[in-house]
Structures are given as structure tokens and as C-alpha cells.
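What follows is the residue order along each chain.
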There are 2 protein chains.
Amino acid sequence: MLTTDFLAQLQSLLPPERLYSDIVDCYAYAYDNSQKIYPPDVVVFPLTPEEIQAIVVLCNSHKVPLTPRGRGTGTVGGSLPEQGGVALSLERMLRIVLVDPANRVIVAEPGVLNQAVQDAAKPHGFFWPPDPSSAAYSSIGGNLATSAGGPHAVKYGTTRDHVLGVKAVTGKGDALKTGCYTTKGVVGYDLTRLLIGSEGTLAIITEATLKLTPLPQAYGGLIAHFKDVVSCAKAIVSIMSLSQVPSALEFLDAGSLDLIRGRSPDMLPADTDAILMIETDGSPREITDSSAAILSVCRNEGLLQAEQVSNADNLWKMRKALSPLLRDIAPKKINEDVVVPVATLPEFLYELTQLSSKYNIANVNFGHAGNGNIHVNLLVNPENFDEMTRAEKCLNEVFDLVIRLNGTLSGEHGIGREKRAYIEKEIDATTLMLMKDIKQVFDPNNILNPGKIFL
Amino acid sequence: MLTTDFLAQLQSLLPPERLYSDIVDCYAYAYDNSQKIYPPDVVVFPLTPEEIQAIVVLCNSHKVPLTPRGRGTGTVGGSLPEQGGVALSLERMLRIVLVDPANRVIVAEPGVLNQAVQDAAKPHGFFWPPDPSSAAYSSIGGNLATSAGGPHAVKYGTTRDHVLGVKAVTGKGDALKTGCYTTKGVVGYDLTRLLIGSEGTLAIITEATLKLTPLPQAYGGLIAHFKDVVSCAKAIVSIMSLSQVPSALEFLDAGSLDLIRGRSPDMLPADTDAILMIETDGSPREITDSSAAILSVCRNEGLLQAEQVSNADNLWKMRKALSPLLRDIAPKKINEDVVVPVATLPEFLYELTQLSSKYNIANVNFGHAGNGNIHVNLLVNPENFDEMTRAEKCLNEVFDLVIRLNGTLSGEHGIGREKRAYIEKEIDATTLMLMKDIKQVFDPNNILNPGKIFL
């Protein structure tokens with residue numbers, strides 16, 4: 001519980017319309033897409049780095065937990081005020097500070113939506129490559145906090161590849177300026193990328209300098225149907241050994257396709273057991289060339305059919321239908337986003353089906369196959385204790401499999417609170433201790449998003 | 001001076017042929033391309049991470065300075081054992097641990113030459129994009145320590161964009177494993193990029209997992225001659241606002257061209273005052289398309305002529321002739337590698353000529369114009385006290401100009417010892433203090449490359 005003294009001081013920093021302390025108001029800032037609920041005691045809406053600094057200094061001196069928050073679209077509980085205290089919402093810091101097409105840069109406040117950045121860049125012939133499926137309503141502050149990816153990461157990389165520098169406030173209330181305004185720069189330590197993906201545990205990002213990329217001239221689409229998951233996985237490996245890199249390479253397994261069939265029976269042939277949705281970009285001629293190269297290596301013993309898709313929106317129709325369907329069927333599904341080396345995908349996807357059978361857990365897998373980044377969904381009912389026990393064992397074995405194949409537990413969602421119990425599977429004790437020591441430097445009183453990533 | 005006790009313990013860790021203590025032997029490890037000389041007391045040549053760990057633990061317990069060293073090609077004194085002690089040469093750790101084309105990965109020890117990585121990748125259709133001009137004889141350990149760039153950074157980025165993870169030993173002797181083996185991964189803090197560019201002050205990299213890129217099908221070349229530097233700079237800005245990104249965009253100013261004329265009088269027309277060397281890569285058709293687009297925006301009022309160069313080697317002939325010529329004419333030149341936002345290049349290059357006149361310092365500028373990364377060379381004679389005094393004032397104003405234009409003091413060379421006096425021009429006191437605190441976490445006794453980047 002917050003002291004009245006602390007509350008009074010906090011109230012002195014902001015006008016009343018930018019501080020919520022009513023329990024009902026606060027409840028709206030208690031959730032994220034992990035579907036857990038942890039209400040904060042107070043929600044604040046700063047508008048400037050100076051206000052953020054004042055709030056942090058106050059929280060630090062009172063050792064009050066402070067959880068920064070974008071738009072709450074994260075899936076691992078990274079923005080949940082798990083220990084109560086102050087939720088610091090950045091949703092009102094909505095200013096695009098600068099659009100500088102000559103230098104291929106946009107400078108933006110953290111509350112700016114990913115889509116707003118795209119809208120500002122497009123008239124100048126540019127885009128900002130990170131494209132999480134939440135792009136329309138997630139903020140760039142959150143994108144940076146998680147180093148968000150998305151389907152185009154296979155060609156363009158993730159958030160950490162597209163940020164030149166940030167301004168940020170540490171847990172001590174110190175204002176930092178990291179990185180630079182140019183595409184090269186090696187002065188001092190790379191604090192920019194240390195903050196990107198740190199899930200709000202080191203500092204609150206108050207401004208970001210985003211590096212823009214020229215929009216491709218055109219897009220091409222291909223859909224390839226396979227009779228089984230292993231031949232589909234082999235095609236992924238073959239595509240990723242081509243010199244032509246697709247701009248997206250998305251995979252849907254049998255479970256995913258069955259869900260789609262349940263909703264739209266005529267959308268898919270009965271014998272299709274796995275699908276690849278492949279996007280290429282570039283000049284029309286490049287698209288023709290790379291589509292031909294990709295198509296030719298898809299032609300293995302398991303290919304049923306492959307069709308060109310003229311409209312890129314049609315390409316994504318099935319993929320976009322999937323998440324709501326999964327929510328319908330299993331509102332409390334366990335949703336992972338593990339990554340394995342691409343060449344191990346045939347083994348990984350085969351072993352997944354084995355684990356699903358062994359533990360009798362319905363399992364739907366899809367995702368960014370070009371990066372080896374698979375969204376493994378365990379369709380469980382949290383009220384079924386027996387099923388949850390089996391699911392937990394299954395998940396544990398999935399993670400062990402991922403580590404054995406030299407993969408990583410998360411490609412884009414992060415650790416947050418949902419996966420911190422597993423982090424020691426991937427990061428050894430010495431390296432983890434060093435990360436905790438770095439946390440201590442930025443946030444000696446452990447007020448910034450305490451308990452996230454590691455306890 | 002090292003104690004006999006320390007020396008005896010060090011000798012117990014390595015066979016005699018891998019420890020030099022003779023003053024003449026040590027002298028060969030006293031230099032780098034900054035041309036300063038700081039002999040170590042001892043040079044050690046470990047072969048394994050375990051040996052490195054034992055050496056660090058020993059140095060740490062005796063508080064003996066330990067300077068890791070690649071091949072000594074750095075230009076800012078980053079590998080000089082300025083405070084004596086132990087030079088730890090990684091030149092015998094030459095093993096390519098793994099070539100894994102299916103996952104587009106090479107794992108290598110730090111002593112492996114950049115060129116050896118290229119040679120291992122090429123048969124599989126890949127390359128590793130960082131290409132400092134020292135690529136033939138610099139090691140990947142050194143490339144990582146400085147986040148090396150090179151001419152292809154304009155399209156492909158620098159070292160930090162092409163490393164998936166490292167193994168490293170901190171100044172406490174702790175063995176770290178950072179990053180992952182996949183192209184996506186967001187588990188824990190990004191220690192990989194914190195170590196890349198840290199110039200051996202945080203940890204000694206003992207192994208690196210390098211991300212490979214498909215070799216382009218072909219290369220195209222263009223040389224554009226301009227009658228003055230400002231129209232040349234305008235062409236750079238126009239080229240960099242195209243959606244077609246050149247694979248290299250190198251600039252030579254009048255001073256550079258005069259040097260070349262001095263050696264090869266017939267190589268260049270008399271009225272050419274600035275040159276752009278432009279490389280494009282991709283399919284033959286892409287090259288045709290992008291060459292046409294680039295050529296069309298080069299056609300401003302200052303363009304004298306533009307010629308296609310069929311053989312890419314010819315394109316680089318002039319550029320490669322330049323560094324030895326500079327050494328001939330001014331063996332102790334001051335060599336900077338500042339970066340300014342591309343759109344400010346016209347102003348920057350004009351102001352440089354003004355500063356050169358103001359201080360009467362001969363000045364030759366060339367470099368990676370597509371990144372705004374210009375090698376500013378002040379041709380001075382260190383024995384001329386008056387000239388050196390003027391050069392120092394001139395350099396100070398150059399740096400102030402760079403910062404005023406929102407640039408950075410170094411694009412690829414780093415800070416080392418040569419530029420540490422200037423770092424506070426770019427990094428504010430708070431951010432610098434945080435970097436020092438991070439240094440303290442990795443290296444509490446300040447034994448790893450002490451005094452580099454900051455004192």
C-alpha cells in the first residue's frame with residue numbers, strides 16, 4: 001500500500017486528469033495479453049521526460065514499484081504491475097518529434113503507435129520494418145521494450161536492427177541519451193541495444209530515433225500446400241538456403257488448418273496438412289525471379305499444390321484469421337514463441353507432434369518459419385487441473401527440446417513474468433548473475449518493473 | 001613492474017613458447033596502427049577459453065593490467081598496453097569451430113582473420129558483411145571489439161548487425177555466453193551488442209557466432225566526377241534518398257585526388273575536384289535498374305562525367321591507392337572517422353575546407369559517404385610544434401562541427417586512447433558515468449584494457 005505522504009507528493013507532480021487512483025480506473029491498467037490481472041495502486045500519464053524523471057525519483061526515494069506500460073498488447077505479462085505500486089502509462093506521449101526523410105529517420109515519443117510511424121514514413125517512400133501482429137495498436141515504446149519482430153523479420157531483422165538511439169530515464173531517475181543520429185557510430189558502449197528488449201526493467205524510454213528503410217516497389221505472394229509437416233519443414237530449409245530471401249515465410253500446421261476449416265470449410269483442400277505462406281518483395285522482376293526460385297525448391301515429394309497470390313492481403317487472410325479462432329477455442333491457451341535453428345525445423349516439428357501425443361495436449365503450431373520462430377500453442381482449459389499438470393510437463397519438454405536443438409525460448413514475446421521460471425534453462429548462472437548486476441546499476445532499488453525477466 | 005611471484009604463476013599456466021617476457025619479443029606487441037608504442041611486460045598466447053580464464057583470474061587477483069589484442073590493425077590505440085602488464089594476444093586462436101550453411105552461421109575463435117571467414121563462407125554462397133579495409137589481415141575478435149564497418153556498411157550495416165552471440169571472459173574471470181544461435185532471440189539483456197564495440201574493456205571474446213548473408217549474384221560499378229565538393233555532396237544526398245541502396249558509396253575529395261595525381265598523373269582529368277565511387281549489387285537486372293536511377297540523380301550542375309566500370313576491382317583501385325600515399329606524404333597524419341547525417345554532408349564538407357584554411361592545415365577527406373562517415377585526415381608533421389598546435393585546435397573545431405550537425409566522433413575506429421579526451425563532447429556526464437558503472441560490473445579492478453574509451 002502506498003503512503004498518503006507518497007501519494008500527496010505524486011499528486012503534486014501531475015494535474016488530476018493525469019493521475020488515476022480510483023480502483024475502477026486502475027483496473028483498466030491491470031491487464032495485458034497474457035490475460036493475467038494485477039491492478040496498480042495508481043496510474044500516471046506523464047507527457048514529458050522531465051515528468052517521468054520526477055516520478056521515478058519520487059518512486060525511487062520511497063522504493064515504490066513502478067511499471068512502465070505501452071498499450072498492453074504484450075503476451076508474457078511484461079507490463080503487468082505485479083507488485084502493485086505505480087503503473088506509468090506512456091499512452092499520452094504521442095508526439096512524432098521529427099520526420100527526416102533525407103536522413104531516413106523518424107524521432108518519436110514512446111506512445112506513438114507502430115502504425116502511426118508507418119503512416120508518417122510512407123509518403124516519403126519509407127517504412128519502419130518491425131511489424132508485430134499488434135502493429136495497428138501497439139506503441140513503439142512497447143516494440144522497443146520487447147525488441148518486437150513480426151513476419152518481415154526474416155528479411156529485415158527485428159526492432160534492435162532499426163533503432164539508432166534513445167533517450168531514457170533509469171531507475172535512479174538519471175536521464176540517458178544513447179546511440180546517435182547516424183547509421184554508423186561506435187562511441188562508448190552500445191546502451192541502445194542493452195535497453196531494447198530489456199522489458200522496462202532498466203530504464204523508461206522517453207524518445208526513440210528510428211531508422212527507416214525504403215519501401216519495396218512491389219510484393220508477391222505464394223501459398224504452398226503440403227501433405228505432411230515434415231515435407232513442409234524440408235521446404236522451409238530449402239527456401240532459406242536460397243540467396244533470394246523471402247520478405248515473409250509463414251507456416252501453418254495441421255492443427256491451425258483444422259481450426260480454419262472449422263470456420264470456413266471451403267477455404268482449404270481436405271488433404272492439405274501444412275501450408276507455407278511466402279511473400280517476396282522488390283522490383284516486379286526480382287519478385288518473378290525469386291518466386292520461381294522458391295517455387296522450384298518447394299517441389300518436394302510432399303508438395304500438393306502451390307499457387308501465386310496476386311493480392312498480398314489475400315496471402316495474409318488465413319494467417320490473420322487464426323489468432324481469434326485460437327482465442328475462441330481455447331481462451332486460456334498457453335502461447336509460446338520458441339525459436340530453433342532453421343535446419344532443425346523438420347526434427348522440431350516432428351518431435352512436437354510426439355510430445356502432443358505423449359501428454360495428450362491439443363497443440364497448434366504456426367509462425368515465422370524463416371527465422372525458425374514457431375508459435376507453439378497448447379490448447380488447455382485452466383480449470384482442468386489434470387490437463388494443466390500434463391500441459392506443464394509438456395511445455396517443460398518443449399523447452400528442453402528447443403534448448404537441445406540450440407534454440408531460444410523466445411523470439412519476440414520476451415520473458416516477462418510468464419517465462420521467468422524457465423530462463424535458467426537457456427542462460428547459465430554466471431551470465432544471469434551479470435545481467436542482475438547490470439539491473440542493479442540502472443535500478444539499484446529494484447523499482448522498475450520488479451520481478452520481470454528474473455526474480 | 002610485475003612481481004616474480006606473479007610471473008612464476010603466469011608461467012605455470014602456459015608452456016614457454018606461448019609466453020614472451022623478453023623485452024625484444026614484447027616490443028613486437030607494443031604497437032598498433034595509431035603508431036604509438038607501449039610495450040607490455042609480458043605477452044601471452046592462450047589457445048582455449050579456459051586458459052584465458054586462468055590468466056584473467058591471476059591478473060585480477062594481482063591487479064595487473066591485461067590488454068587483449070587481435071592483429072594490431074586498429075587506428076586509435078585500442079590494443080596498446082598503455083599501462084604495461086600483460087598483452088593477451090588472440091592470434092593463435094585460429095580455429096573455425098563450425099561452418100553451418102543450412103543455418104547461415106559460422107562459429108569462429110577470435111584470432112580467425114576476417115578473410116578466412118569470407119573464404120569459409122564463399123563456397124556455400126555466403127559472405128560475412130563487415131569489410132574493414134584491413135579485412136585481409138585483421139581478426140574477427142578485433143572486428144567485434146570495434147564493431148568494424150567498411151564500405152559495404154551503407155547497405156549491410158556493421159559488425160553489430162552480423163553477430164548472433166559470443167562467448168567471453170569478464171575482468172573477474174567469469175565465463176559468459178551471450179545471445180543465441182538463431183536470427184531471433186529476446187531472452188534476457190542484449191549482452192552481445194554490449195560487448196561488440198567495447199574495445200576489450202568489458203570482457204575478452206573467446207568465440208563468436210557469426211550470421212552469414214547470401215553473396216550477391218553480381219556487382220556493378222560507377223565512377224562520377226564532379227567539378228566541386230558541394231555538388232558532389234548534393235549527389236550523395238540525392239543517391240541516399242533513392243529506394244535503391246548502393247552496396248558502397250565512397251567519396252574522394254580534391255586533396256585525395258591530388259595525391260593520386262602526384263603518383264599517377266594520367267589517372268584523372270585535371271578539372272575533377274571530387275569523385276564518387278559507387279557499387280551496386282544484386283541480379284544483373286537490378287544492377288542495371290539501380291545504376292540508371294543513381295546515374296540520373298548524379299546529373300546535377302557540378303557533374304563532369306560518369307562512367308560505368310565493368311570490373312569491380314577497377315572501381316576500388318583508386319581508393320586502395322590512397323592510404324599508402326597518405327602514409328608516404330604524412331606518416332604521422334591525424335586520421336579521424338567522424339560521421340554526420342547524410343543530408344548535412346554539403347555543409348560539413350564545405351565547413352571542413354574553411355577550417356583547413358583557417359588553421360592552415362593540409363586536409364584530405366574521403367570515405368564512406370553513404371553513411372556520412374568521412375575519414376578526415378590532417379596531414380601534419382608531429383615535429384613541427386606550431387603546426388601540431390594549430391592541428392589540435394582545428395581538430396577540436398572539426399569535432400564541435402560534427403556534434404553541432406548531430407553526428408558522432410567515430411563511425412568505425414572507436415575511441416581507444418586517441419579520442420578519449422573528446423568523448424565528453426558527445427556523451428553527457430550522466431550517460432558516461434553509467435558506462436563506467438557497467439565497466440565496474442564486468443571488471444571491478446579495472447584490469448581489462450585500463451584507460452581505454454575513458455579514464
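From a predicted model like this one, the values you see are computed outputs, not experimental measurements.

About the criteria used
- Residues numbered from 1 in each chain as written.
- Chains lettered and ligands numbered in written order.
- Predicted model: local features only at pLDDT ≥ 70, side-chain atom pairs only at ≥ 80, totals over all residues.
- Heavy atoms only, no water.
- Helix = DSSP H or I, 4+ residues; strand = E, 2+ residues; numbered from the N terminus.
- Rg over C-alpha atoms; globule rule 2.2 N^0.38 Å.
- Buried < 20%, exposed > 50% of the residue type's maximum accessible area, 1.4 Å probe, protein only.
- Contact = heavy atoms within 4.5 Å.
- Areas by Shrake-Rupley, 256 points an atom, 1.4 Å probe, with all protein chains shown as cover.
- Least-squares fit on C-alpha atoms with pLDDT ≥ 70 in both.
- Pairing = 2+ DSSP bridges.
- Phe/Tyr/Trp six-rings, centres within 6.5 Å; stacked < 30°, edge-to-face > 60°.
- Arc of directions from axis to C-beta.
- Domains from an automatic or database assignment.
- Buried area = accessible area lost by both parts, 1.4 Å probe.
- Salt bridge = Lys/Arg side-chain N within 4 Å of Asp/Glu carboxyl O.
- Polar contact = N/O pair within 3.5 Å; in protein donor to acceptor, adjacent residues only side chain to side chain.
- Nonpolar A, V, L, I, M, F, W, Y, C, P; charged D, E, K, R; others polar.
- Axes fitted to C-alpha atoms, helices over the stretch in contact; angles between N-to-C directions.
- Core = buried A, V, L, I, M, F, W, Y, C linked by side-chain atoms within 4.5 Å.
- Parallel < 35°, antiparallel > 145°, perpendicular 65-115°, else oblique.
- Disulfide = S-S within 2.5 Å.

K.L.:
Sorry, what's going on with the overall build of chain A here?
P.N.:
What chain A contains, in helices and strands, is 15 helices and 18 strands. Taking 2.2 N^0.38 as the reference for a compact globule, 455 residues should give roughly 23 Å; the C-alpha atoms of chain A span a radius of gyration of 23 Å, in line with that estimate. Scored against the burial criterion, the 455 residues of chain A give a buried share of 62%. Contacts spanning at least 24 positions in sequence make up 73% of the contacts within chain A whose residues lie at least 6 apart. When the accessible surface of chain A is split by element, carbon and sulfur atoms take 52% of a total near 16500 Å².

K.L.:
Would you mind showing me how to read the relation of the copies chain B and chain A here?
P.N.:
The operation relating the pair of chain copies consists of a rotation about an axis and a translation along that axis. When chain B is fitted onto chain A, the two copies agree to an RMSD of 0.0 Å after a turn of 180° and an axial shift of 0.0 Å. One copy is carried onto the other by what is essentially a two-fold rotation axis.

K.L.:
When you look at the sheet that holds strand E1 (residues 19–20) of chain B in this model, what are you seeing that I'm missing?
P.N.:
The strands that make up a sheet are held in pairs by hydrogen bonds between backbone atoms, and each pair lies either parallel or antiparallel. All names here are of chain B. Sheet architecture is open: four strands sit in the order E1-E2-E4-E3, paired in mixed fashion. At either margin of the open sheet sits one strand with a lone partner, and together these are E1 and strand E3 (66–69). Both E1 and strand E2 (residues 42–44) contribute to a ladder of two bridges, which runs antiparallel. Each residue of the ladder has a partner; that of Leu19, found in E2, is Val44.

K.L.:
Please clarify how the packing of aromatic side chains should be interpreted in this entry.
P.N.:
Each aromatic ring pair is specified by the distance between its two centres and by the angle formed by the two planes. Residues and elements named next belong to chain A. Going through the model one piece at a time under the given rule, you end up with 12 aromatic pairs over all chains. For the ring pair Tyr20 and Tyr29, a centre distance of 6.2 Å and an interplane angle of 65° mean the geometry is edge-to-face. Judged by its relative accessible area of 11%, Tyr29 is buried. Ring plane angle 65° and centroid distance 4.7 Å describe the contact between Tyr20 and Phe45, whose orientation is recorded as edge-to-face.

K.L.:
What should I look at first to understand helix H4 (residues 114–121) of chain B in this one?
P.N.:
An α-helical turn contains 3.6 residues, so a residue and the one three or four places further along point in the same direction. All names here are of chain B. Considered for burial, the residues of H4 that qualify are Asn114, Val117, Gln118, Ala120 and Ala121. Looking straight down H4, one finds its buried side chains confined to an arc of 165°; they lie on one side. On the buried face of H4, the contacting elements are strand E5 (96–100), strand E6 (105–108), strand E7 (126–127), helix H5 (140–146) and strand E10 (203–211).

K.L.:
Can you help me understand the domain arrangement of chain A in this one?
P.N.:
Interface size is often expressed as the accessible area that is lost when the parts come together. Residue and element names in this part refer to chain A. When cut into domains, chain A gives domain 1 (4–89), domain 2 (96–214) and domain 3 (218–404). Distance between the C-alpha centres of domain 1 and domain 2: 23 Å. Across the contact, 15 residues belong to domain 1 and 17 residues belong to domain 2. Of the roughly 1100 Å² buried at the junction of domain 1 and domain 2 (both faces included), carbon and sulfur atoms supply 65%. When the buried surface of domain 1 facing domain 2 is broken down by residue, Gln53, Arg71 and Thr73 rank first, second and third, together holding 35% of it. Applying the counting criterion to the domain 1 and domain 2 interface returns zero salt bridges. Applying the counting criterion to the domain 1 and domain 2 interface returns one residue pair in polar contact (both at pLDDT 80 or more). For the side of domain 1 that touches domain 2, the secondary-structure elements that each account for two or more residues are helix H3 (49–62) and strand E3 (66–69). Here the side of domain 1 that touches domain 2 gets six residues from one element, more than from any other, and that element is H3. A per-class count over the side of domain 1 that touches domain 2 returns nine nonpolar, five polar and one charged.

K.L.:
Quick question: what am I supposed to make of the sheet that holds E5 of chain B here?
P.N.:
What the five strands build is an open sheet, ordered E5-E6-E10-E8-E9 (chain B); its pairing is antiparallel. In this open sheet, the two edge strands, each paired with only one partner strand, are E5 and strand E9 (175–177) of chain B. Averaged over all pairs of adjacent strands, the angle between their axes in this sheet comes to 15°, without regard to strand direction. On the sheet, helix H15 (residues 429–442) of chain A packs against strand E8 (163–170) and E9 of chain B and is oriented at approximately 85° with respect to E9 of chain B. Where helix H3 (residues 49–62) of chain B meets the sheet, it contacts E8, E9 and E10 of chain B, and its direction lies at approximately 40° from that of E8 of chain B.

K.L.:
Help me understand the nonpolar core in this model?
P.N.:
When a protein is soluble and globular, its nonpolar side chains tend to lie buried together. Ranked by internal contacts, the top residues of the largest apolar core, which has 171 residues, are Leu276 and Phe348 of chain A together with Leu276 and Phe348 of chain B. Top contributing element to this core by residue count: helix H8 (residues 229–240) of chain A, with eight residues. Other than its neighbours up to four places away in sequence, Leu276 of chain A contacts Leu222, Ile223, Ala224, Phe226, Cys232, Ala235, Ile236, Ile239, Leu249, Glu250 and Phe251 of chain A.

K.L.:
Please clarify how the packing of helix H1 (residues 4–13) of chain A against H3 of chain A should be interpreted in this entry.
P.N.:
Helix-helix packing is described using two parameters, namely the angle between the two axes and the distance between the axes. Residue and element names in this part refer to chain A. One way to put it is that H1 packs onto H3 with a least axis distance of 10 Å and a crossing angle of 170°. When the interaxial angle is binned, H1 and H3 end up roughly antiparallel. Taking contact as the criterion, the partners of Asp5, Phe6, Gln9, Leu10 and Leu13 in H1 are, on H3, Ala54, Ile55, Leu58, Cys59 and His62. Along the lines of polarity and charge, the residues of the contact of H1 with H3 split into seven nonpolar, two polar and one charged.

K.L.:
Before we go on, may I ask you to explain unusual backbone geometry in this structure?
P.N.:
Apart from glycine, the bulk of residues carry a negative phi angle, and the bulk of peptide bonds sit in the trans form. Phi at Asn360 of chain A takes a positive value of approximately 55°, unusual for a residue other than glycine. By secondary structure assignment, the location of Asn360 of chain A is in the loop between helix H12 (345–359) and strand E17 (363–368). Judged by relative accessible area, which is 56%, Asn360 of chain A ranks as exposed. One non-glycine residue, Arg104 of chain B, adopts positive backbone phi at about 55°. Relative to the elements of secondary structure, Arg104 of chain B occurs in the loop between E5 and E6. Its relative accessible area of 11% is what places Arg104 of chain B among the buried residues.

K.L.:
I would appreciate a short explanation of the state of the cysteines in the present structure.
P.N.:
Think of a disulfide as a covalent bridge from one cysteine sulfur atom to another cysteine sulfur atom. Residue and element names in this part refer to chain A. Applying the stated criterion to the full structure yields zero disulfides over all chains. In this model Cys298 remains outside any disulfide bridge; the closest cysteine sulfur is found in Cys232, 8.2 Å from its own. Relative accessible area serves as the criterion here: at 1%, Cys298 is assigned to the buried category.

K.L.:
Can you help me understand the interface of chain B and chain A in this one?
P.N.:
At the junction of the two partners, chain B supplies 78 residues and chain A supplies 78 residues. Summed over both partners, the interface of chain B with chain A comes to about 6400 Å²; 61% of that surface belongs to carbon and sulfur atoms. For the interface between chain B and chain A, the tally reads six salt bridges. Of the charged contacts, one joins Glu412 of chain B and Lys184 of chain A as a salt bridge, the two residues approaching to 2.8 Å between their closest N and O atoms. For the pair chain B and chain A, the interface holds 24 residue pairs in polar contact (both at pLDDT 80 or more).

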